[in-house]
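Here is how the chains run, residue by residue.
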Amino acid sequence: MAATSTSGDNGRGRRLSCTVALAVAGALAAVTVGSVFVFDLLPGRGGDDDSASSPPGSDAYSSAPTSVPSATSSVSSPPGSPSPSGEASGEASGGPSEVPARYLGTWEGQGTGLGGSLPMGTFRITVKKAGVGEELGRLQQTDAIGAVCTDVLTLKKVTDTELVTTAVGAADNHAGCNPAAHTVRLTTVGDDLKYTSESQAEGYPEARMSKVGR
(Lines give C-alpha, C1' and ligand atoms only; values in the text may rest on other atoms or scores of the structure.)
Protein backbone atom coordinates (compact mmCIF):
# COMPACT_ATOMS: atom_id res chain seq x y z
CA MET A 1 0.00 0.00 0.00
CA ALA A 2 1.43 3.38 -0.93
CA ALA A 3 1.70 6.10 1.71
CA THR A 4 -0.67 9.01 1.29
CA SER A 5 0.41 12.68 1.39
CA THR A 6 -1.04 15.94 2.69
CA SER A 7 0.09 19.55 2.39
CA GLY A 8 2.55 20.74 5.06
CA ASP A 9 3.02 24.20 6.53
CA ASN A 10 5.92 24.94 4.17
CA GLY A 11 3.83 24.17 1.10
CA ARG A 12 5.56 20.83 0.44
CA GLY A 13 3.79 17.51 0.59
CA ARG A 14 4.09 15.61 3.82
CA ARG A 15 3.45 11.89 3.88
CA LEU A 16 0.96 10.12 6.10
CA SER A 17 2.07 6.58 6.82
CA CYS A 18 -0.11 3.56 6.19
CA THR A 19 -0.26 3.00 9.94
CA VAL A 20 -1.74 6.43 10.59
CA ALA A 21 -4.19 6.05 7.70
CA LEU A 22 -5.35 2.70 9.07
CA ALA A 23 -5.71 4.20 12.54
CA VAL A 24 -7.90 6.97 11.17
CA ALA A 25 -9.97 4.46 9.23
CA GLY A 26 -10.46 2.44 12.42
CA ALA A 27 -11.53 5.54 14.32
CA LEU A 28 -13.98 6.35 11.52
CA ALA A 29 -15.57 2.90 11.83
CA ALA A 30 -15.91 3.28 15.62
CA VAL A 31 -17.30 6.83 15.71
CA THR A 32 -20.97 7.60 14.99
CA VAL A 33 -21.37 11.04 16.61
CA GLY A 34 -18.96 13.76 15.52
CA SER A 35 -18.07 12.06 12.24
CA VAL A 36 -17.47 15.46 10.63
CA PHE A 37 -14.37 15.73 12.84
CA VAL A 38 -13.06 12.37 11.59
CA PHE A 39 -13.63 13.35 7.96
CA ASP A 40 -11.50 16.44 8.50
CA LEU A 41 -8.58 14.32 9.66
CA LEU A 42 -8.42 12.51 6.35
CA PRO A 43 -5.83 13.71 3.78
CA GLY A 44 -7.04 16.64 1.67
CA ARG A 45 -9.90 17.70 3.94
CA GLY A 46 -8.13 20.79 5.31
CA GLY A 47 -9.00 20.13 8.96
CA ASP A 48 -5.94 21.99 10.29
CA ASP A 49 -6.89 25.20 8.47
CA ASP A 50 -10.49 25.10 9.68
CA SER A 51 -9.53 24.66 13.33
CA ALA A 52 -6.92 27.41 13.17
CA SER A 53 -9.41 29.97 11.86
CA SER A 54 -12.08 29.29 14.46
CA PRO A 55 -12.34 31.79 17.34
CA PRO A 56 -11.43 30.55 20.87
CA GLY A 57 -14.23 28.64 22.52
CA SER A 58 -16.13 27.94 19.29
CA ASP A 59 -16.82 24.46 17.92
CA ALA A 60 -15.42 24.47 14.39
CA TYR A 61 -17.00 21.11 13.61
CA SER A 62 -20.48 21.56 14.99
CA SER A 63 -23.08 21.07 12.29
CA ALA A 64 -25.85 23.57 11.50
CA PRO A 65 -29.21 22.91 13.16
CA THR A 66 -31.44 20.66 11.10
CA SER A 67 -34.43 22.98 11.43
CA VAL A 68 -34.91 26.67 12.05
CA PRO A 69 -38.24 28.11 13.26
CA SER A 70 -39.80 30.08 10.46
CA ALA A 71 -40.22 33.82 10.84
CA THR A 72 -43.92 33.59 10.18
CA SER A 73 -44.57 30.90 12.79
CA SER A 74 -43.26 33.07 15.62
CA VAL A 75 -45.41 36.07 14.73
CA SER A 76 -49.13 35.70 15.24
CA SER A 77 -51.57 37.59 13.06
CA PRO A 78 -53.97 40.00 14.74
CA PRO A 79 -57.48 38.60 15.16
CA GLY A 80 -59.59 39.08 12.06
CA SER A 81 -56.67 39.94 9.79
CA PRO A 82 -56.80 38.50 6.26
CA SER A 83 -54.55 35.61 5.34
CA PRO A 84 -51.86 36.06 2.66
CA SER A 85 -53.88 33.89 0.29
CA GLY A 86 -56.95 36.04 0.90
CA GLU A 87 -55.06 39.18 0.01
CA ALA A 88 -53.90 37.67 -3.28
CA SER A 89 -57.38 36.62 -4.36
CA GLY A 90 -59.42 39.37 -2.71
CA GLU A 91 -59.69 41.51 -5.82
CA ALA A 92 -61.50 38.80 -7.74
CA SER A 93 -63.49 37.39 -4.80
CA GLY A 94 -66.15 40.10 -4.88
CA GLY A 95 -67.73 38.99 -8.18
CA PRO A 96 -68.01 36.14 -10.67
CA SER A 97 -64.94 33.99 -11.13
CA GLU A 98 -65.41 33.70 -14.89
CA VAL A 99 -66.16 36.08 -17.75
CA PRO A 100 -69.95 35.93 -18.29
CA ALA A 101 -71.03 34.50 -21.63
CA ARG A 102 -72.72 37.76 -22.64
CA TYR A 103 -69.29 39.39 -23.12
CA LEU A 104 -67.80 36.70 -25.34
CA GLY A 105 -67.49 37.21 -29.09
CA THR A 106 -66.30 39.81 -31.58
CA TRP A 107 -67.59 43.37 -31.27
CA GLU A 108 -67.25 46.40 -33.54
CA GLY A 109 -68.40 50.02 -33.53
CA GLN A 110 -67.38 53.65 -33.93
CA GLY A 111 -65.30 55.29 -31.23
CA THR A 112 -65.07 58.90 -30.06
CA GLY A 113 -62.95 60.93 -27.64
CA LEU A 114 -63.21 64.17 -25.71
CA GLY A 115 -66.77 63.54 -24.64
CA GLY A 116 -67.97 62.54 -28.12
CA SER A 117 -66.55 65.55 -30.00
CA LEU A 118 -63.54 63.74 -31.53
CA PRO A 119 -64.17 60.90 -34.02
CA MET A 120 -61.64 58.12 -33.44
CA GLY A 121 -62.47 55.59 -36.12
CA THR A 122 -63.55 51.97 -35.86
CA PHE A 123 -63.06 49.96 -32.67
CA ARG A 124 -63.01 46.15 -32.82
CA ILE A 125 -62.37 43.58 -30.12
CA THR A 126 -62.77 39.83 -29.66
CA VAL A 127 -63.48 38.98 -26.01
CA LYS A 128 -62.48 35.47 -25.00
CA LYS A 129 -62.63 33.40 -21.84
CA ALA A 130 -59.89 34.42 -19.41
CA GLY A 131 -59.01 34.40 -15.74
CA VAL A 132 -57.76 37.34 -13.73
CA GLY A 133 -54.25 38.18 -14.91
CA GLU A 134 -54.78 36.64 -18.36
CA GLU A 135 -55.23 38.28 -21.74
CA LEU A 136 -58.92 38.98 -22.38
CA GLY A 137 -58.61 40.27 -25.92
CA ARG A 138 -57.03 42.86 -28.20
CA LEU A 139 -58.73 46.08 -29.17
CA GLN A 140 -57.93 47.39 -32.65
CA GLN A 141 -58.60 51.03 -33.42
CA THR A 142 -58.53 51.89 -37.12
CA ASP A 143 -58.57 55.61 -37.85
CA ALA A 144 -59.94 57.44 -40.91
CA ILE A 145 -56.76 56.96 -42.97
CA GLY A 146 -56.43 53.27 -42.13
CA ALA A 147 -53.73 53.45 -39.44
CA VAL A 148 -54.21 50.82 -36.72
CA CYS A 149 -53.37 50.91 -33.00
CA THR A 150 -53.73 47.71 -30.96
CA ASP A 151 -54.19 47.51 -27.19
CA VAL A 152 -53.67 44.26 -25.28
CA LEU A 153 -56.35 43.94 -22.58
CA THR A 154 -55.51 41.91 -19.45
CA LEU A 155 -58.40 40.99 -17.16
CA LYS A 156 -58.11 42.68 -13.77
CA LYS A 157 -61.50 42.11 -12.16
CA VAL A 158 -64.93 40.68 -12.93
CA THR A 159 -68.00 42.19 -11.27
CA ASP A 160 -71.73 41.76 -11.75
CA THR A 161 -71.85 44.87 -13.96
CA GLU A 162 -68.53 45.14 -15.80
CA LEU A 163 -65.14 43.73 -16.77
CA VAL A 164 -62.20 45.81 -15.55
CA THR A 165 -59.04 45.43 -17.61
CA THR A 166 -55.57 46.89 -17.95
CA ALA A 167 -54.77 47.94 -21.52
CA VAL A 168 -51.21 48.29 -22.84
CA GLY A 169 -50.14 49.22 -26.35
CA ALA A 170 -48.91 46.26 -28.40
CA ALA A 171 -45.19 46.03 -29.03
CA ASP A 172 -45.57 46.33 -32.82
CA ASN A 173 -47.71 49.52 -32.76
CA HIS A 174 -46.58 52.51 -34.78
CA ALA A 175 -45.16 55.60 -33.05
CA GLY A 176 -48.49 57.43 -33.04
CA CYS A 177 -50.12 54.91 -30.66
CA ASN A 178 -50.21 55.31 -26.90
CA PRO A 179 -47.96 52.67 -25.23
CA ALA A 180 -48.82 53.53 -21.59
CA ALA A 181 -50.91 51.22 -19.43
CA HIS A 182 -54.42 52.43 -18.60
CA THR A 183 -57.73 51.09 -17.32
CA VAL A 184 -60.44 49.99 -19.75
CA ARG A 185 -63.95 49.00 -18.65
CA LEU A 186 -66.32 46.83 -20.67
CA THR A 187 -70.04 46.77 -19.91
CA THR A 188 -73.02 45.32 -21.71
CA VAL A 189 -75.77 47.75 -22.75
CA GLY A 190 -78.71 45.85 -24.15
CA ASP A 191 -77.29 43.74 -26.95
CA ASP A 192 -74.22 45.98 -27.31
CA LEU A 193 -70.84 46.20 -25.61
CA LYS A 194 -69.68 49.57 -24.28
CA TYR A 195 -65.95 50.32 -24.20
CA THR A 196 -64.74 53.05 -21.83
CA SER A 197 -61.08 54.02 -21.55
CA GLU A 198 -59.54 56.03 -18.73
CA SER A 199 -56.58 57.15 -20.87
CA GLN A 200 -56.25 60.91 -20.55
CA ALA A 201 -53.56 60.98 -23.26
CA GLU A 202 -56.08 59.60 -25.76
CA GLY A 203 -58.95 61.86 -24.74
CA TYR A 204 -60.88 59.20 -22.77
CA PRO A 205 -62.10 57.16 -25.77
CA GLU A 206 -65.51 55.48 -25.74
CA ALA A 207 -67.22 53.16 -28.16
CA ARG A 208 -70.52 51.33 -28.36
CA MET A 209 -69.98 48.15 -30.31
CA SER A 210 -72.35 45.59 -31.74
CA LYS A 211 -71.61 41.87 -31.95
CA VAL A 212 -70.37 40.84 -35.38
CA GLY A 213 -69.10 37.36 -34.65
CA ARG A 214 -68.72 34.66 -32.03
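Scoring rules and cut-offs
- Residues numbered from 1 in each chain as written.
- Predicted model: local features only at pLDDT ≥ 70, side-chain atom pairs only at ≥ 80, totals over all residues.
- Heavy atoms only, no water.
- Disulfide = S-S within 2.5 Å.
- Helix = DSSP H or I, 4+ residues; strand = E, 2+ residues; numbered from the N terminus.
- Buried < 20%, exposed > 50% of the residue type's maximum accessible area, 1.4 Å probe, protein only.
- Contact = heavy atoms within 4.5 Å.
- Lys, Arg positive; Asp, Glu negative; His and termini not counted.
- Salt bridge = Lys/Arg side-chain N within 4 Å of Asp/Glu carboxyl O.

A word on the state of the cysteines
Using the criterion set out here, one finds one disulfide in the structure. Note on cysteine connectivity: Cys149 is disulfide-linked to Cys177, with sulfurs 2.0 Å apart. When the S-S torsion is -90°, as for the bridge of Cys149 with Cys177, the disulfide is left-handed. Here Cys149, found in strand β6 (residues 148-158), pairs with Cys177, found in the loop between β7 (163-169) and β8 (182-189); they are 28 residues apart in sequence, far enough to count as distant.

A short note on the side chain of His182
For His182, the position within the fold is in strand β8. Look at His182 and you get buried, because its relative accessible area is 8%. Aside from chain neighbours lying at most four places away, what touches His182 is Asp151, Thr165, Thr166, Ala167, Ser197, Ser199 and Glu202.

Topic: the side chain of Asp151
Here Asp151 lies in strand β6. Of the buried charged residues, Asp151 lacks a salt bridge, with Arg138 as the closest side chain of opposite charge at 9.6 Å. Residues in contact with Asp151, not counting those within four places in the same chain, are Gly137, Arg138, Leu139, Ala167, Val168, Gly169, Asn178, His182, Tyr195 and Glu202.

Looking at the environment of Thr122
The topology assignment puts Thr122 in strand β4 (residues 118-127). For Thr122, a relative accessible area of 24% puts it in the partly exposed group. Along the backbone, Thr122 and Val148 are 26 residues apart, and their C-alpha atoms lie at a distance of 9.4 Å. Those residues in contact with Thr122, other than ones at most four positions away along the chain, are Glu108, Gly109, Gln110, Gln140, Gln141 and Thr142.

Spatial relationships are all this shows, so hold off on functional conclusions.
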